[in-house]
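Each chain, letter by letter, is given below.
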Amino acid sequence: MKFLNLTRRTEIGANSYYLEIGGHRLVLDCGMHPKNTGEDALPLLTPIAGREIEGILISHAHQDHIGTLPVAMRRFPRARVFMTEATAEVGSVLLHNSVNVMTRQREEIGERSYPLFTHRETDRASERWRWCPLRQRISIAGERAPQRERDALTFEFFEAGHVLGSAGILVRAEGQTVFYTGDVNFDDQTIMQAAIFPEEKLDVLIMECTRGDHAKPAGWTRASEERRLAEALAKAFDRGACVLIPVFALGKTQEVLAMLHKFRRQRLLPEFPIYIGGLSSKFTDIYDRRAHTTRRQLPRLQLMREAAPFVLNDETVRDAPLRAGRVYALSSGMMIANTLSNVFARRLIENPQHAIFFVGYASPESPAGLLREAGPDGEVALDPGKPPQRVRCNIEQFQFSAHATRETLIEYARKISPRKIVLVHGDPSAVEWMRATLSAELPDSEVIVPEPGAELEL
């Protein structure tokens, strides 16, 4: 059994991993780095060039896990590609949007390698994706495999509780078991229900570490955090503020819309207009269409109809009035330059009347991370091509992460006590905390932080 970390650094970047088990060669995820461009946005595919990849297994459709899948399919044309049906629907929309973004960046930043793939290639690629039901053993040929099969390679998707379609992936071959968590949440969200992961004895656990450097706040519950958000919005509206909430188009937008709808329905807040972006509206439509066919909370809630958000685009976001009592839930969550949240933030950041509420993870080097670090009256350049601005707006932080707490990750690892634990998908401090804690609590498990590009013999 061999493992290769294809993510370029120990970070949350272009997530991709090579797994060799029972003579079969697989790739787990193939993401695009959210901040880097050109070749630096790709996973490290060079170390596995020339190897015959049989399957590419996709955990979910966030950009950092599926964003360069057409490139991987081009380089490994014989590989079969597997994911859940919901991930396939969301992933197609995301990749087409990515082509549009890369085409624009070719002109704006002079990245001549863009776009890395085209709309036509995306359509051709998605026609080859194979949809897999949850909790069903599948063979590498894409067929249902018998439960008693021990030697042949099979894989199985389990609900990860992160975003629509997200799954952990259990790979079996020759009596060995490897489980890749992908991005996971063990707690219920407003829409997504908590993960249901296997609890059998595993040989190898490949586990994400996103929140490894943040302890769960004492006394934190989602219900109390929702109340705190509702109260903060009420205070902001009372002083005549509009509120920007930077969100990921997939997952966080829909969770925030559901919360805002609940606040209005419970009369915690009066009726108020909500604005989202065009890509967010496409993903929200998919959430609505799949409300009765996926495992979720509030299955009858149709977000586009009942939360009734207005939709902004690249042009209208520059003219939208900064009026009191409005919520702008705009992507990207990390406020990457030229995204709707970044453009809108630059309009209100110097105005003490208005507010920005953060509701999830942001890389420390991203514009959102830099803004949070700058603090009141600090200076920050949200767009590297424009001068720094003074932070005078009100900034508040809320905890609605779609990732598992480090405490629940440790609890899961303890429950299954794998022979080896491979730590991925985390900033260095997060990964190091997880490594030290797991090594202390599970002395019989070998805890590994895989060096990018270096092949491990498991």
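It should be emphasised that the depicted structure is a prediction, and the values quoted were computed from it without experimental measurement.

**Some thoughts on the sheet that holds strand β8 (residues 154-159)**
Okay, step 1: Taken in spatial order, the seven strands make up an open sheet running β7-β8-β9-β10-β11-β20-β21, and their pairing is mixed. Two strands bound the open sheet, and with one partner strand each, they are β7 (138-139) and β21 (446-448).
Okay, step 2: The strands touched by helix α11 (residues 406-416) within the sheet are β10 (176-180), β11 (204-208) and β20 (420-424), with β11 carrying the most contacts at an inclination of about 175°.
Okay, step 3: Packing against the sheet, helix α12 (residues 428-441) makes contact with β11, β20 and β21, and its axis sits at approximately 165° to β20.

**Structural notes on the packing of helix α3 (residues 85-108) against helix α7 (residues 278-289)**
Okay, step 1: Packing of α3 against α7 leaves a shortest axis separation of 10 Å and a crossing angle of 170°. As summarised for this structure, α3 and α7 are arranged roughly antiparallel, according to the angle between their axes. Residues E89, V90, V93, L94 and N97 of α3 form the contact with α7, whose own contacting residues are L279, K282, F283, I286 and R289.
Okay, step 2: Of the residues belonging to the contact of α3 with α7, the class tally is six nonpolar, one polar and three charged.

**Observations regarding the pattern of salt bridges**
Oppositely charged side chains may form a pair once their charged atoms are brought near each other.
Okay, step 1: Summed over all chains, the structure comprises 30 salt bridges.
Okay, step 2: Across the pair E199 and K415 runs a salt bridge whose closest N-O atoms are separated by 3.6 Å. On the criterion of sequence distance, the pair formed by E199 in the loop between β10 and β11 and K415 in helix α11 is long-range, its members being 216 residues apart.
Okay, step 3: Look at E199 and you get exposed, because its relative accessible area is 55%.
Okay, step 4: The closest approach of N and O atoms between E255 and R222, which form a salt bridge, is 3.6 Å. Pair noted here: E255 is in helix α6 (residues 252-265) and R222 is in helix α5 (residues 222-238), with a separation of 33 residues, a long-range link. Residues E255 and R222 agree in their burial class; the two are buried.
Okay, step 5: Through salt bridges with shared partners, a single network forms among K2, E20, R25, R51 and E455.

**Describing the packing of aromatic side chains**
Okay, step 1: For the structure shown, the criterion picks out 15 aromatic pairs.
Okay, step 2: Considering the side-chain rings of F3 and Y17, the 6.0 Å spacing of their centres and the 15° angle between planes classify their relative orientation as stacked. Separated by 14 residues along the polypeptide, F3 in strand β1 (residues 2-5) and Y17 in strand β2 (residues 17-21) bring together distant segments of the chain. You'll find F3 and Y17 in the same group, each marked buried.
Okay, step 3: Geometrically, the ring pair formed by F82 and F155 is tilted, given 4.7 Å between the ring centres and 55° between the ring planes. Of this pair, F82 sits in strand β5 (residues 80-83) while F155 sits in strand β8, and the two are 73 residues apart along the sequence.
Okay, step 4: For F155, a relative accessible area of 1% gives the class buried.
Okay, step 5: Clustering of aromatic rings is evident, with ring pairs tying together F158, F179, F186, F197 and Y412.
Okay, step 6: Here the basic side chain of R51 rests over the ring of Y18, its NZ or CZ set 4.9 Å away from the ring centre.
Okay, step 7: Geometry around F358 places R372 over its ring, the cationic atom sitting 5.3 Å from the centre.

**Regarding empty space enclosed by the protein**
Okay, step 1: With the rule as written, the count across this model stands at three cavities of 30 Å³ or more.
Okay, step 2: When its volume is computed, the largest cavity comes out at roughly 110 Å³.
Okay, step 3: Contributing to the lining of the largest cavity are 14 residues, with N185, D187, R211, W220 and S401 lying nearest its centre.
Okay, step 4: Partitioned by chemical class, the residues of the lining of the largest cavity number three nonpolar, six polar and five charged.
Okay, step 5: Counted as a void, the second largest cavity has a volume near 80 Å³.
Okay, step 6: As for the second largest cavity, its lining consists of 14 residues, of which N5, R9, T10, V424 and H425 are closest to the centre.
Okay, step 7: Among the residues making up the lining of the second largest cavity, the classes are represented as six nonpolar, six polar and two charged.

Scoring rules and cut-offs
Residues numbered from 1 in each chain as written. Predicted model: local features only at pLDDT ≥ 70, side-chain atom pairs only at ≥ 80, totals over all residues. Heavy atoms only, no water. Pairing = 2+ DSSP bridges. Helix = DSSP H or I, 4+ residues; strand = E, 2+ residues; numbered from the N terminus. Contact = heavy atoms within 4.5 Å. Axes fitted to C-alpha atoms, helices over the stretch in contact; angles between N-to-C directions. Parallel < 35°, antiparallel > 145°, perpendicular 65-115°, else oblique. Nonpolar A, V, L, I, M, F, W, Y, C, P; charged D, E, K, R; others polar. Salt bridge = Lys/Arg side-chain N within 4 Å of Asp/Glu carboxyl O. Buried < 20%, exposed > 50% of the residue type's maximum accessible area, 1.4 Å probe, protein only. Phe/Tyr/Trp six-rings, centres within 6.5 Å; stacked < 30°, edge-to-face > 60°. Lys NZ or Arg CZ within 6 Å of the ring centre and 35° of its normal. 1 Å grid on protein atoms, 1.4 Å probe; cavity = no way out; pocket = protein on both sides within 12 Å on 5 of 7 lines; lining within 4 Å. Points joined across faces, edges and corners; volume = space filled by probe spheres on them.

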